[in-house]
Amino acid sequence: MGIEMDEVAIQALPDAFPFVPGKTALVVIDMQRDFIEPGGFGAALGNDVSRLQPAIEPVAKLLALFRAKGWPIVHTRESHLPDLSDCPPAKRKGKPSLRIGDQGKMGRILVRGEPGNAIVPACAPLPGEIEIDKPGKGAFYATALGTILDRKGITHLVFAGVTTEVCVQTSMREANDRGYVCLVVEEATESYFPEYKAAALSMIRAQGGIVGRTAKLADLEKALA
Ligand code: C5J
């Protein structure tokens, strides 16, 4: 059972995020070796994977905070079945040095169960935490996430993970459409492109927080201490 507190207003942009203990889950998107370490999918697409590494420590801090309170945690992995039956042909198009399903330095690229598909050790799930393997960018598409959150009575989501403008933003938009009140923690998300991270955070907070809010990790930690 988590520690119950009254609703807490977290300083955020464009306005305060109403954190409701017992109804708020942390969703950590795709902190996988395939995106963050050399030799995986991110690198095969020509990206400088070192750019994602600054998110590791803030994500670990968020995990520690939620674990200390006993609040729900969701980890996602972008992954495909070994026979790629859940990978649309369009997703294997383009000219990366390695395509989804090809053999890379950390096993088959973006394939479920391969070493590269695992979450980096500093952010690894603990027993009892929710793990979602997702074939798409969004965490709700073709997964049981919505059903699991409904059963737990979750109405508010705090997002972290990589990459800001792809899987984090897509998942947050899916959540927003489903009625969840959403927050993304700024230091706990990264992009291969700093300008895209800045733009994604700016889009999220635009128009009165049209899909959610953004907050600094320190403001979350201070308010929830
Ligand atoms: C990408 C992701 N960038 N997790 N996936 O393909 O953002």
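Details of the structure are given in the entry above.
Residues numbered from 1 in each chain as written. Predicted model: local features only at pLDDT ≥ 70, side-chain atom pairs only at ≥ 80, totals over all residues. Heavy atoms only, no water.

1. Observations concerning the nonpolar core
Most often, soluble globular proteins keep nonpolar side chains buried together rather than apart. Defined as follows: By nonpolar core is meant a set of buried Ala, Val, Leu, Ile, Met, Phe, Trp, Tyr and Cys residues that side-chain atoms within 4.5 Å join together. Accessible area is worked out with a 1.4 Å probe on protein chains only. A residue is then buried under 20% of its type maximum, exposed over 50%, and partly exposed in between. What counts as a helix is a DSSP run of H or I of at least four residues, what counts as a strand is a run of E of at least two, and both are numbered from the N terminus. Any two residues having at least one pair of non-hydrogen atoms within 4.5 Å are treated as being in contact.
F19, M31, L62, V158 and L220 are the most contacted members of the largest nonpolar core, which totals 42 residues. Looking at this core, the elements with two or more residues in it are β1 (8-10), β2 (17-19), β3 (24-29), α1 (33-36), α3 (56-69), β8 (156-162), β9 (181-190) and α7 (217-224). With six residues, the single largest contributor to this core is α3. Leave out the neighbours within four places in its chain, and V158 touches F17, F19, T24, A25, L26, V27, F66, L183, V185 and L220. Among the nonpolar cores identified, the runner-up in size contains 23 residues, and F140, L145, A175 and Y180 belong to it.

2. Observations regarding the packing of helix α5 (residues 164-177) against helix α6 (residues 194-209)
Filter applied, for reference: Interaxial angles span 0 to 180 degrees and are taken between N-to-C directions of axes, which are lines fitted to C-alpha atoms, for helices over the stretch in contact. Convention used here: angles under 35 degrees read as roughly parallel, angles over 145 as roughly antiparallel, angles from 65 to 115 as roughly perpendicular, and any remaining angle as oblique. Here is the rule for handedness: rotate from the far helix to the near one, and if that takes an anticlockwise turn smaller than a right angle the crossing is left-handed, while a clockwise turn gives right-handed.
In contact at an axis separation of 10 Å, α5 and α6 are set at 15° when each is read in the N-to-C sense. With respect to each other, α5 and α6 are oriented roughly parallel. Crossing geometry of α5 relative to α6 is assigned as right-handed. Across the interface between the two elements, T164, E165, Q169, M172 and R173 of α5 pack against Y196, K197, A200, L201, M203 and I204 of α6.

3. Regarding the layout of surface pockets
The condition that has to hold: Cavities and pockets are defined on a 1 Å grid built over the protein atoms alone: a cavity is a set of grid points where a 1.4 Å probe fits but cannot escape, while a pocket is an open set with protein on both sides within 12 Å along at least five of seven lines, and lining residues are those with an atom within 4 Å of any such point. Grid points are joined across faces, edges and corners, and a volume is the space filled by probe spheres set on the points.
In this model, the largest pocket occupies a volume close to 180 Å³. Taken together, 13 residues make up the lining of the largest pocket; nearest its centre are F35, L45, T163, V166 and Y192.

4. Re the site of the ligand
Just so we agree on the cut-off: A single heavy atom is enough: if one lies within 4 Å of a molecule or strand, its residue is considered near that molecule or strand. Throughout this description, a polar contact denotes any pair of N or O atoms lying within 3.5 Å of each other; where both atoms belong to protein, one of them has to be capable of donating a hydrogen while the other can accept it, and for residues adjacent in sequence the pair is counted only when both atoms sit in side chains. Only the protein chains shown count as covering a residue, and every accessible area follows the Shrake-Rupley method with a 1.4 Å probe. Pocket occupancy is defined atom-wise: a molecule lies in a cavity or pocket when more than half of its atoms are within 2 Å of its grid points.
Every residue near the ligand is listed here: D30, F35, F41, E78, K137, V162, T163, V166 and C167. With respect to the ligand, the side chain of K137 contributes an N or O atom lying 3.2 Å from an oxygen atom. A distance of 3.0 Å is found between an oxygen atom of the ligand and a backbone nitrogen or oxygen belonging to T163. When the ligand sits alone it has 230 Å² of accessible area, and the protein chains cover 92% of it. Placement of the ligand is best described as lying within the largest pocket.

Keep in mind these values describe shape, not function.
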